[in-house]
Amino acid sequence: MCGIAGILGRGDADMLHRMAMRLAHRGPDGDGFLIDPAAGVHLAHRRLAVLDLAGGHQPMHSADRALSVVFNGEIYNFTELRRELEAAGARFSTDHSDTEVLLHGWRAWGSALPQRLNGMWAFALLDRERRCVFFSRDRLGKKPLYYHAGVDFFAFASELGALREHPQVPTAPSETALRKYFAYGYVPAPLSYVEGVRKLPGGHNLTLSLDTLEFRVERYWEYRPEPAPSADAGAAAEELRATLEAAVARRLVADVPVGCFLSGGVDSSTVAALALRRTGRERLRTFSIGFDEASFDESVHACRVADHIGADHRLGTVRAQDALDALPALASNLDEPIADSSILPTYLLCGHARCEVTVALGGDGADELFAGYDPFRALRYARWYARLVPRPLHRAIALATARLPVSHRYMSLDFRVKRTLRGLGHAPRLWLPLWMAPLAPDELEQLFRAPIDP
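The paragraphs below set out a description of the structure included in this document. Predicted, not measured: the structure shown is a model, and the values here were computed from it. (Residues numbered from 1 in each chain as written. Predicted model: local features only at pLDDT ≥ 70, side-chain atom pairs only at ≥ 80, totals over all residues. Heavy atoms only, no water.)

**With respect to helix H9 (residues 299-309)**
Those residues of H9 not exposed but buried are Ser 299, Ala 302, Val 305 and Ala 306. With its buried residues spanning 125 degrees around the axis, H9 presents them on a single face. Those residues of H9 that are exposed and angled more than 90 degrees off the buried face are Arg 304, Asp 307 and His 308. With its phi angle positive at about 75 degrees, Gly 310 sits one or two positions after the end of H9. (Buried < 20%, exposed > 50% of the residue type's maximum accessible area, 1.4 Å probe, protein only. Helix = DSSP H or I, 4+ residues; strand = E, 2+ residues; numbered from the N terminus. Arc of directions from axis to C-beta.)

And the structure:
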């Protein structure tokens, strides 16, 4: 990953450099700056070099320097877009940088550019002729982008910590964001943990005028789950396999070593198997970590899958003390709290893999798309329970199960029973959100001492 930051309007170089330094861990391979106080433009980039190692330096400029861009992410269909732009007369100066596609794409398609991109991105593109800066974030918000609009400046950064290096960016916490955090386990965009700091939501663009510093935020994409027409199961499976294979192939394009995270679950195993089919064993390694607490340890499944697909597998082992030792560094790199305990093993796994590869593919997101979480399976039984158990009896059952002894094993029986009953005390549309939530509505009311509308 890379890091971007900038100040538009009133700013200074020292301030910009401090912001960039806070992003150094995102981009250890170099930095770049565009400082033009007369134009009210200060842009910074920290680079993790993945494509076109020699020619991909940023900020990147058009030949006439009318356009400049700082970009965090990767455009997977840059080769096809480059061919299309070259056919239309664009002249590229880099050998195969996906960043340059953004410059020529903006000139050709303007604000329709993000709709043509396949990838993950957060970028800021300066157009000197139009006197504007165009920001965009990928459809699902995989790459972060924070911003604050001050009286005479507009500051942005990939991380909240970098943005707060600007002395006029607020520091007071947002109570609304705190409520959202305890309800969802994270702070959803456009809110941030800091009052007055916003996140550009996924699937949105932001266009800012350099003359007035006024800006508008516009949605360019929205996820709409729509039932597909009934189809033959075999044909649907083949279509899914072909789609996954194409997606994995796009993400293997890199000028640095690429690996795969492998837990042994269906999602990461599928990604690893398809990647190995594409690259061969000698060009791709898989990585996993095991735990000395047996109920949390999935390494036996990962090793079994690695052996089955013929992967060159690397297994690391984590003790409880290793996890405790990693917490301070992990906390310092988290802009906002997140109530997903998997962030800790993921952090340790990244450190394990970084010794050998720069890029790693993983299976995150499959449970959301393919209903893989245990709570999805519980919906069927929840409907049966809601029909047969009257509300007074449900309350009695919930009170009785609350007395069950607490187990600290992963997904223990008492945890699943208590969590399931918590959701069933509400309307069916709230079952799944409350099963996934850190706190129930009555607990939120106790915490904030105010009524909560679920």
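**Some details on the nonpolar core**
Val 69, Ile 75, Leu 102, Leu 117, Phe 123 and Leu 361 are the most contacted members of the largest nonpolar core, which has 45 residues in total. Every residue in contact with Leu 117, bar those within four places of it in the chain, is listed here: Ile 75, Asn 77, Leu 81, Leu 102, Phe 123 and Arg 139. (Core = buried A, V, L, I, M, F, W, Y, C linked by side-chain atoms within 4.5 Å. Contact = heavy atoms within 4.5 Å.)

**Some thoughts on the pattern of salt bridges**
Here the structure, examined in full by the defined rule, presents 23 salt bridges. Salt-bridge contacts for Lys 199 lead to Glu 336; the nearest nitrogen and oxygen are separated by 2.8 Å. A residue pair is termed long-range when its members are at least 10 positions apart, and Lys 199 in strand S10 (residues 198-199) and Glu 336 in the loop between helix H10 (320-333) and helix H11 (343-354) qualify at 137 residues. Glu 336 carries the same exposure label as Lys 199, and that label is buried. Residues Arg 224 and Glu 222 are paired through a salt bridge, measuring 3.5 Å at the closest nitrogen-oxygen approach. Classification of Arg 224 by relative accessible area gives exposed; the value is 58%. One connected set of salt bridges, linked through shared partners, spans Glu 238, Arg 241, Glu 245 and Arg 277. (Salt bridge = Lys/Arg side-chain N within 4 Å of Asp/Glu carboxyl O.)

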